[in-house]
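The residues making up each chain are set out below.
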Amino acid sequence: MARGKLRIYLGAAPGVGKTYAMLSEAHRRLARGTDVVVGYAEHYGRPRTEELMRGLERIPAREIGYRGTVFTEMDVDAVRARAPQVALVDELAHSNVPGSRNTKRWQDVDELLAAGIDVVSTVNIQHLESLGDVVEAITGVRQRETVPDEVVRRADQIELVDMSPEALRRRMAHGNIYASDKVDAALSNYFRPGNLTALRELALLWVADRVDEYMRQYKADHGIGDVWQARERIVVGLTGGAEGSTLIRRAARLAAKGSGGEILAVHIDAAEGLHSGSPRELAVQRTLVEDLGGSFHHVIGDDVPTALLDFARGVNATQIVLGTSRRKAWQYVLGPGVGATVARDSGPDLDVHIVTHEQAAKGRGLPIARGGRLGRSRVIAGWLTGLAGPVLLTLLLTHTGIGLPSDMLLFLTCTVAAALLGGLLPALASALVGSALINYYFTPPVHTLAIADSENIVALVVFAAVGAAVASVVDLAARRTQQAARLRSEAEILSHLAGSVLRGERSLDALLERVRETFAVESVALLEREDDPAAWTRVASVGPLTCSRPEDADVEVPVSDRLSLALVGRVLPASDQRVLSAFAAQAAAALDRQRLEDQAEQAQRQAEGNRIRTALLAAVSHDLRTPLAAIKASVSSLRSDDVAWSPQDEAELLESIEDGADRLDHLVGNLLDMSRLSTGTVTPLLGETDLDEVVPLALVGVPDGSVVLDIPESLPMVDADPGLLERAAANIVENAVKYSPPGTKVLVAASALGNRVELRVVDRGPGVPDDAKETIFEPFQRHGDRPRGNGVGLGLAVARGFAEAMGGTLAAEDTPGGGLTMVLTLRAARADRNVQRGQI
């Protein structure tokens, strides 16, 4: 029985219309006369989905009891017994109830496919097993129900069901996805615009990669070697010379001219392992191409143009970028060069760009790895075998007389032994000495250098030629073996170096220590030239005997015009320079990264200081004015001679003065701390803070009954400064209450999301347009420049400044159904500290 075909509707999030598309496809097939049944699908109270399920035959679900509750699952046996042409099975990643035959629904689907039934199913991108950690990092929610990627990859058809985040949120707000009581929570958490945008991008990229795989497979199955220019892929051929950076940047500009352009840099080495490029330059160029969003590839090939074209066609490239030949004019006698050959053989499907550069026509000048010498003891043994061996063999054979052919074979064996031990020169010497001894002692007339028989002349010449050839081959094999061992060691070292980079090991001192251990030297120092060319500064060093100038080092590797790596302890052979150059390039990159991090940290401190100063100024202009006005009004009333105040009225006015003074005292204390913070003399006192202890204090200044507080006791602690957090929350709540309609309460709720805690202040006021959601946080700005009492208050600038000083964020979102929601996000305290509060 032929296996059934699987069609999957893939979506970025619930509600994009996967089930609707699946049911619509069922109706289309049913209209064409196809036997279609619903194996399992639920409408979840969605009217349009429920309407589409009408008119379709449904296989009754199987009921399974579990822990006192009855659940329904697809009845696989009933579907197989019905044997339709097509079965609809929703939610491919669903986990079956314990007690079912299969653990997962995709396993049920696999049974239907094996029975020859075509299946149409649905799945969301967040349920793919390989993307679980990515989705959790984006949404803060770990998906428990997953499906192996290979199951989806094997589908005969994958169709993306796409919808913009804005449209999906509108569907949610209109109640087309979840029940109305769950809409606010969904829009505030999983269905936030940022989450939906990231999930949509994941879905689009995943489907695009699958389409690319299908296209490559189709071309391979049909023997199509031409390039199909579905999107621009630019291959950059690198020689390992300094011109590579120019070529990569040129390719990046070409890719930027079209959407979706991709850069692939490739360096081709000869198959025998001889490295023709500079490791330092290649390391720099690898970093450059990866910074530009491309990828670096290393290819082995005997013929560079052929290998380059094969690689380009294999990745379905549309353009190749090469540099102008480095050959001098006379070298073109040897051949047309790589660029000309690639351009000639590229055909109509590949465009070849030849880019000029400063190294053109200056000769190759690239370091080439030479075969290492054999050990001294082996060379001596080879010379002894090559010279003494034929003499001893002559003394032995003069008393045996076994015949000239056998004599020649024995002398040839001695030549091969000399080649195995000492290499080419001892073997050639052995062949020459052996030829002379054979001629003198064993070729008639003996004891003369004359040869009577012409056949013996030919035999002697053949012996010498064979001896030289065998010696050459054996010597080459020995050298290649040594080269392979050397290259394997270098590859292991470079692999370890690359692995340390991928693992995020950024310490410059650790890298220099690895250099010292690898090359067995006493000390390693990274030196930087100052403005005075003769003055050097030691940037970093390891070991007891570090030098202060490159001239004092036993080995010096220039990294750039201003940087040099200096080693003290022993002189390294030239063969070690290649790996040492890679370490030097990585040391320079580590230094640049360290300095960039320092600059970024300094810039962040300055930015935080600016934000704090801005918040301080806004607070002085806004928060101080309200209590001062209340105090002044109360004092003016008490001093008025026109009104006779009762003792009760006087008490109320005095209480108002006292409340205002207390508020000013509390506020001035915070502002003094903030002024110290802005000058860099103090940092926010971050510590474990309970929102349910701080937020109620922030509600003192708002009317009673105007706020609904919903902060769970099980909420994790946050890393925050209690004073700054209180002021931030007070300003947010005060603005929300001010602009809420009369009789409408403001909701202040908190929830945990991954390693973050969100405090959401929800009002039902007029709201703010999208283009003004950032303007309202600027100091001395009121939305629309409206009179005080309308617009959004200046306290939001204070709140955002305080939030960012604590490492948090403050953003504005639309409230579903109308209004504005302020989201204050803070870091959750470490889980091990939250264990004390019952958190796991």
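Nothing here was measured: the structure is a model prediction, and the numbers come from that model.

**A few points about the overall build of the protein**
Broken down by element type, the protein carries 25 helices and 24 strands. Every one of the 840 residues in the protein was classed for burial, and the buried ones make up 45%. Counted over contacts in the protein with a minimum sequence separation of 6, partners at least 24 positions apart contribute 69%. For the protein, the accessible surface area stands at approximately 42600 Å², while carbon and sulfur atoms represent 54% of it.

**Structural notes on helix H5 (residues 132-139)**
Taken together, the buried positions of H5 are occupied by Gly132, Val135 and Thr139. The arc that holds every buried residue of H5, seen down its axis, measures 65°, which confines them to one face. Looking one or two residues past H5, Gly140 carries a phi angle of roughly 80°, positive in sign.

**Digging into a nonpolar patch on the surface**
Taken together, the side chains of Trp383, Leu387 and Leu425 define a hydrophobic patch exposed on the protein surface, amounting to about 290 Å² of accessible area. Exposure remark for Leu425: the relative accessible area of 56% places this residue in the exposed category.

**Observations concerning the layout of surface pockets**
Empty space within the second largest pocket amounts to approximately 1000 Å³. Along the wall of the second largest pocket there are 35 residues; nearest its centre are Pro14, Arg46, Glu91, Asn124 and Tyr178. Every element with two or more residues in the lining of the second largest pocket is listed here: helix H1 (18-31), helix H2 (47-53) and strand E7 (118-124). Class assignment of the residues belonging to the lining of the second largest pocket gives a composition of 13 nonpolar, 12 polar and 10 charged.

**Overview of the packing of helix H12 (residues 304-314) against helix H13 (residues 338-345)**
At a closest axis distance of 9 Å, the pairing of H12 and H13 adopts a crossing angle of 45°. On the basis of the axis angle, H12 is oblique to H13. Crossing geometry of H12 relative to H13 is assigned as right-handed. On the side of H12, the interface is formed by Val304, Pro305, Leu308, Leu309 and Arg313, while H13 contributes Val338, Thr341, Val342 and Asp345. Considering only residue class, the contact of H12 with H13 consists of 6 nonpolar, 1 polar and 2 charged.

**Concerning the sheet that holds strand E15 (residues 536-542)**
The sheet built from 4 strands is open, its strands ordered E15-E14-E17-E16 with antiparallel pairing. Only two strands of the sheet have a single partner each, and these edge strands are E15 and strand E16 (555-558). Strand-to-strand twist across the sheet, computed as the mean angle between neighbouring axes with direction ignored, equals 25°.

**Re the packing of aromatic side chains**
A complete count under the given rule lists 1 aromatic pair for this structure. Pairing Tyr440 with Tyr441 gives two aromatic rings, centres 4.9 Å apart and planes at 75°, and the pair type is edge-to-face. The ring of Phe777 carries Arg800 above its face, with NZ or CZ at 3.9 Å from the centroid.

**Focus on the nonpolar core**
Counting 61 residues, the largest nonpolar core has Leu88, Leu92, Leu112, Ile125, Val147, Phe191 and Trp206 as its most contacted members. With 6 residues, the top contributor of residues to this core is helix H9 (residues 193-221). In this structure, Val147 is in contact with Leu92, Ala93, Trp106, Val123, His127, Leu128, Glu129 and Val152, ignoring residues within four places of it in sequence. In this structure, Val695, Ala730, Ala772 and Ala803 belong to the second largest nonpolar core, which totals 43 residues.

**What about unusual backbone geometry?**
Note: most peptide bonds trans; most residues except glycine with negative phi. Positive phi, normally seen in glycine, also occurs at Ala83, with a value near 50°. Assignment of secondary structure puts Ala83 in the loop between helix H3 (76-82) and strand E6 (86-89). The phi angle at Glu91 is positive, at roughly 55°, despite the residue not being glycine. Along the chain, the position of Glu91 falls in the loop between E6 and helix H4 (105-114).

**Comments concerning the environment of Ala540**
One can find Ala540 in strand E15. As a C-alpha pair, Ala540 and Val524 span 16 residues in sequence and 8.5 Å in three-dimensional space.

**Topic: the packing of helix H15 (residues 404-422) against helix H16 (residues 424-442)**
Two numbers describe how H15 lies on H16: the axes approach to 8 Å, and their chain directions differ by 160°. Of the possible angle classes, the one that applies to H15 and H16 is roughly antiparallel. The handedness of the crossing between H15 and H16 comes out as right-handed. Facing Leu404, Asp407, Met408, Phe411, Cys414, Thr415, Ala418, Ala419 and Gly422 of H15, the residues of H16 in contact are Leu424, Pro426, Ala427, Ser430, Ala431, Gly434, Leu437, Ile438 and Phe442. Here the residues of the contact of H15 with H16 are counted per class, giving 13 nonpolar, 4 polar and 1 charged.

**Describing the environment of Val147**
Tracing the backbone through its elements, the reader meets Val147 in the loop between H5 and helix H6 (149-153). Under the relative-accessibility criterion, Val147 is labelled buried at 0%. Between the C-alpha atoms of Val147 and Glu129, which are 18 residues apart in sequence, the distance is 5.6 Å.

**Considering the pairing of strand E17 (residues 563-568)**
Within a regular strand, the side chains alternate between the two sheet faces. The element E17 is extensively covered by neighbouring structure, given that 6 of its 6 residues are classed as buried. Every second residue of E17 is oriented toward a common face, with Leu563, Leu565 and Leu567 on one face and Ser564, Ala566 and Val568 on the other, all of them buried. Hairpin connection between E16 and E17: a loop of 4 residues separates the two successive antiparallel strands.

**Some words on the confidence of the model for the protein**
Keep in mind that low pLDDT regions are not for reading the predicted coordinates in detail. Across the protein, the average pLDDT comes to 78, with 78% of residues at or above 70. Segment residues 271-275 is flagged for pLDDT under 50; beyond a separation of four residues in sequence, or across chains, it makes 16 contacts in the model. Counting contacts from residues 785-794, a segment whose pLDDT is below 50, to residues more than four positions away or on other chains yields 25 contacts.

Calculation criteria
- Residues numbered from 1 in each chain as written.
- Predicted model: local features only at pLDDT ≥ 70, side-chain atom pairs only at ≥ 80, totals over all residues.
- Heavy atoms only, no water.
- Helix = DSSP H or I, 4+ residues; strand = E, 2+ residues; numbered from the N terminus.
- Buried < 20%, exposed > 50% of the residue type's maximum accessible area, 1.4 Å probe, protein only.
- Contact = heavy atoms within 4.5 Å.
- Areas by Shrake-Rupley, 256 points an atom, 1.4 Å probe, with all protein chains shown as cover.
- Arc of directions from axis to C-beta.
- Patch = residues over 30% accessible without salt bridge, like charges linked within 9 Å, V, L, I, M, F, W, Y side chains within 5 Å.
- Salt bridge = Lys/Arg side-chain N within 4 Å of Asp/Glu carboxyl O.
- 1 Å grid on protein atoms, 1.4 Å probe; cavity = no way out; pocket = protein on both sides within 12 Å on 5 of 7 lines; lining within 4 Å.
- Points joined across faces, edges and corners; volume = space filled by probe spheres on them.
- Nonpolar A, V, L, I, M, F, W, Y, C, P; charged D, E, K, R; others polar.
- Axes fitted to C-alpha atoms, helices over the stretch in contact; angles between N-to-C directions.
- Parallel < 35°, antiparallel > 145°, perpendicular 65-115°, else oblique.
- Left-handed = near helix turned anticlockwise from the far one by under 90°.
- Pairing = 2+ DSSP bridges.
- Phe/Tyr/Trp six-rings, centres within 6.5 Å; stacked < 30°, edge-to-face > 60°.
- Lys NZ or Arg CZ within 6 Å of the ring centre and 35° of its normal.
- Core = buried A, V, L, I, M, F, W, Y, C linked by side-chain atoms within 4.5 Å.
- pLDDT = per-residue confidence, 0-100.

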